[in-house]
Each structure stands twice: as structure tokens, then as C-alpha cells.
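So the chains spell out like this:
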Amino acid sequence: MGFFDKLKSGLEKTRKGLTENIDRLVGGYAKIDEELLDDLEAILLAADIGVKTTAKLIADIKEGIKTKAITTPQEMRPFLSGRITEMLCAGSVEAPVRSPGMPYVIMVVGVNGVGKTTTIGKLGSFFAQHGQKVLFAAADTFRAAAIDQLEIWGKRSGLEVIKQAENSDPAAVAFDACQAAKARHADFLIIDTAGRLHTKSNLMEELKKVERVVAREIPSAPQEILLVLDATTGQNAINQAKLFSQVVRVSGVVLTKLDGTAKGGVVIAIKHELGLPVRWIGVGEGIDDLRPFDPVDFANALFGDK
């Protein structure tokens, strides 16, 4: 199965909640009226597209009706598909490129239980499969299991893990990892961090400290700070993204567990409300089930257009 087919399969629950409900809705109306628009709004909200993004889409539909871009209920679905694709593609920024001779550093942040360490393992595997030399940094020193888990991923892909003892200073681990990455001419250094609880200000401060150490040791680093979010949490993922963005320079989002949720519409809300690009998406447990996010493919899979 190709990745697009996996994506389409993974979005099945979201597609049933969104696209199929829209199809059923418009099939019951001969013309567009306020009741139809109210019902459509309810479907968009139920798919976790979010209040702000839903309001924008409904406003766009009303404008489309006024300009005759939409003349029948059946024309609303392709119109929505087009607008959502535009939203996901709007202001897309390519990930920064690696400075010659220097490692490209990715810090991975997020709350407990979203799949950060697994995401790092899969990212490392992806880059290694594309001929890149990758190092892992086990800077989640609060959980011995996190260090062990990262080492298992490292062995699986033949990648080195830079670590210290449990409860070591995460910034010290990051320092060691930066030195090792430069000495070994690594292409990528991926840094794991502890599951930060946004109520724990000291942990958030520590996250800033790790970022400062990395920036001091490697020019322009970290090039990316990826926030891992669990798609099954829906709108709660938006709140997490807002909180982390206040503390560190989040450059993009990794959305995991898209295959197990009807809340996949949160991808659209993250992009529209926060302006954060979704960089990677996970649609399964396999090592190859984390891939770069393609907004056009996502919209096509969501609306079953391909």
C-alpha cells in the first residue's frame, strides 16, 4: 500500500464524519438556505475543524453564494475542498536548509503520551533511509524508559544515541550531543525532550535552556523545533500548540495517530488558527508510517478526490 492509500485509509473516520455527512446533508436539500448552512456548520465543528476556521469557511461559502460561485447545494462540497486545500497551502514555508558542514538540529517537544520518542525514532529512520547520518540525543532524562526507548529505536536503525544518566541536566546532554554531532559530521541531530506539562514553569524554562545551549554550540540551530501533537485529542491539540509557542520557537507540528481518530480536521485548524505548518503526519504504527505532510494529498484523501 502506497502512503497516499495509507493516508486515505487513516483518514477514513474523519472522512465519514466530514465528507460523507456533507454528502448526505446536501442530498436532502433542493436549494441553499440558512438551515442548510447551520447544519453544515455543525458538521465542520464535529470534525474538529474549530470554531474560528469553521466560521471562516462558512463566511467563504456565503461569499461564494453571493458571487454565484456556488449555485446548488451539491457545489458546496467541491468548493469546500478547494478552500481547505488553499488554507493548508497558504503561506507554506519550506523547512530551513542545513548549513554546509554543520548538523541540522531538530528539537522535539510536546506533552507526555503524544508519541515524541516514537516520532524521533521514525524521523531518524526516514533520514537514514535517505542516506543521511543521524544522531539522537536522549535529553528526556526524567524518564529512564525514554532513554531506553530511544536506544531501541537507535539500534533498529543503526543510529547512535548520545545520553547521560537518568536525572542528568538535559541541557548538558544537548551540549554533549552537539559536540558529538559536529565531531562525527552528522547530517541530523534529533533531540528528545521530557514531556512538558504546561503548568510546570520550571520544566518550560529548562526547555528554553536546551534551546539556548544548542543555539550557542551550532550556528542557526535548532533549525526546527517540532511540536508533537496527538490528533485524537482534537481541539486540545490547539491549546497545547498555543502554550508551547509562547515558550519556544515552534517551527512546525508533527501530528500523530491520525489513523485512529475522527478528529483529523484539527490539521486545518492548526494551520489556519495558529499559522503553524504541519510538517509530518503519522498514520500507523509502522516505522515507515510517518511521512512529510503534503497539503494537497491530505485534502484529496480527506475528500476522496483521488
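In case you missed it, the structure is sitting above this.
Bear in mind that the values here come from a model prediction, so they are computed numbers and not experimental data.

Student: Got a minute to help me understand the overall build of the chain in this structure?
Tutor: Looking only at helices and strands, the chain has 12 helices and eight strands in total. The globule rule puts the C-alpha radius of gyration for 306 residues at 19 Å, and the 21 Å found for the chain is close to it. Seen through its C-alpha atoms, the chain measures out along the principal axes to roughly 70 × 40 × 35 Å. Taken over 306 residues, the chain has a buried fraction of 53%. The contacts in the chain between residues at least 6 apart in sequence include a share of 76% that link residues at least 24 apart. For the chain, the accessible area works out to roughly 12900 Å², and carbon and sulfur atoms hold 52% of it. For the chain, the centre of its 38 positive side-chain charges and the centre of its 39 negative side-chain charges are spaced 3 Å apart.

Student: Help me understand helix H10 (residues 235-247), please; the structure alone is not making it clear to me.
Tutor: Owing to its 3.6 residues per turn, the α-helix aligns residues three or four sequence positions apart on the same side. Taken as a whole, H10 has its buried residues at Ala237, Ile238, Gln240, Ala241 and Phe244. The buried residues of H10 occupy one face: seen down the axis, they fall within an arc of 165°. Its buried side turned inward, H10 meets strand S1 (104-109), helix H9 (201-217), strand S5 (224-230) and helix H11 (266-274).

Student: Help me out: how do you make sense of the sheet that holds strand S3 (residues 160-162) in this one?
Tutor: Where strands meet in a sheet, backbone hydrogen bonds hold them as pairs that are either parallel or antiparallel. Taken in spatial order, the eight strands line up as S3-S2-S4-S1-S5-S6-S7-S8 in an open sheet, and their pairing is mixed. Each of the sheet's edge strands pairs with one partner strand only, and the pair in question is S3 and strand S8 (290-292). Put simply, the sheet's adjacent strands are angled 25° from each other on average, direction ignored. Across the face of the sheet, H9 comes into contact with S1, strand S4 (188-193) and S5 while running at roughly 180° to S1.

Student: Would you explain the packing of aromatic side chains in this entry?
Tutor: Note on aromatic pairs: each is described by the distance of the centres and the angle between the planes. This structure, assessed with the given rule, holds six aromatic pairs. Ring geometry for Phe126 against Phe127: centres 5.9 Å apart, planes inclined by 80°, an arrangement best described as edge-to-face. For Phe126, a relative accessible area of 18% corresponds to the buried category. Owing to a relative accessible area of 10%, Phe127 belongs among the buried residues under this scheme. Measuring from centroid to centroid gives 5.5 Å for Phe293 and Phe298, while their planes differ by 55°, and the two rings are tilted. Among the residues examined, Phe293 registers a relative accessible area of 14% and is labelled buried. Each member of the aromatic cluster is reached from another via a ring pair, and the members are Tyr104, Phe126, Phe127, Phe188 and Trp280. When the ring centre of Trp153 is taken as origin, the NZ or CZ atom of Arg156, which lies over that ring, is 4.3 Å away.

Student: How do you make sense of the side chain of Thr119 when you look at a structure like this?
Tutor: Here Thr119 shows up in helix H6 (residues 116-129). The residues touching Thr119, leaving out its near neighbours within four places in the chain, are Val228, Val254, Thr256 and Leu290.

Student: I'm lost on the pairing of strand S7 (residues 278-282) in this one. Help?
Tutor: Every other side chain in a regular strand lies on the same face of the sheet, so the side chains alternate between the two faces. Here S7 lies mainly inside the structure; five of its five residues are buried. One ladder, built from three bridges, connects strand S6 (residues 252-256) with S7; its direction is parallel. Within the sheet, the bridge partner assigned to Val253 lies in S7 and is Val278. Read from S6 through H11 to S7, the crossover connection turns out right-handed.

How each quantity is defined
- Residues numbered from 1 in each chain as written.
- Predicted model: local features only at pLDDT ≥ 70, side-chain atom pairs only at ≥ 80, totals over all residues.
- Heavy atoms only, no water.
- Helix = DSSP H or I, 4+ residues; strand = E, 2+ residues; numbered from the N terminus.
- Rg over C-alpha atoms; globule rule 2.2 N^0.38 Å.
- Buried < 20%, exposed > 50% of the residue type's maximum accessible area, 1.4 Å probe, protein only.
- Contact = heavy atoms within 4.5 Å.
- Areas by Shrake-Rupley, 256 points an atom, 1.4 Å probe, with all protein chains shown as cover.
- Lys, Arg positive; Asp, Glu negative; His and termini not counted.
- Charge placed at Lys NZ, Arg CZ, Asp CG, Glu CD.
- Arc of directions from axis to C-beta.
- Pairing = 2+ DSSP bridges.
- Axes fitted to C-alpha atoms, helices over the stretch in contact; angles between N-to-C directions.
- Phe/Tyr/Trp six-rings, centres within 6.5 Å; stacked < 30°, edge-to-face > 60°.
- Lys NZ or Arg CZ within 6 Å of the ring centre and 35° of its normal.
- Right-handed = clockwise from strand over helix to strand, strands pointing away.

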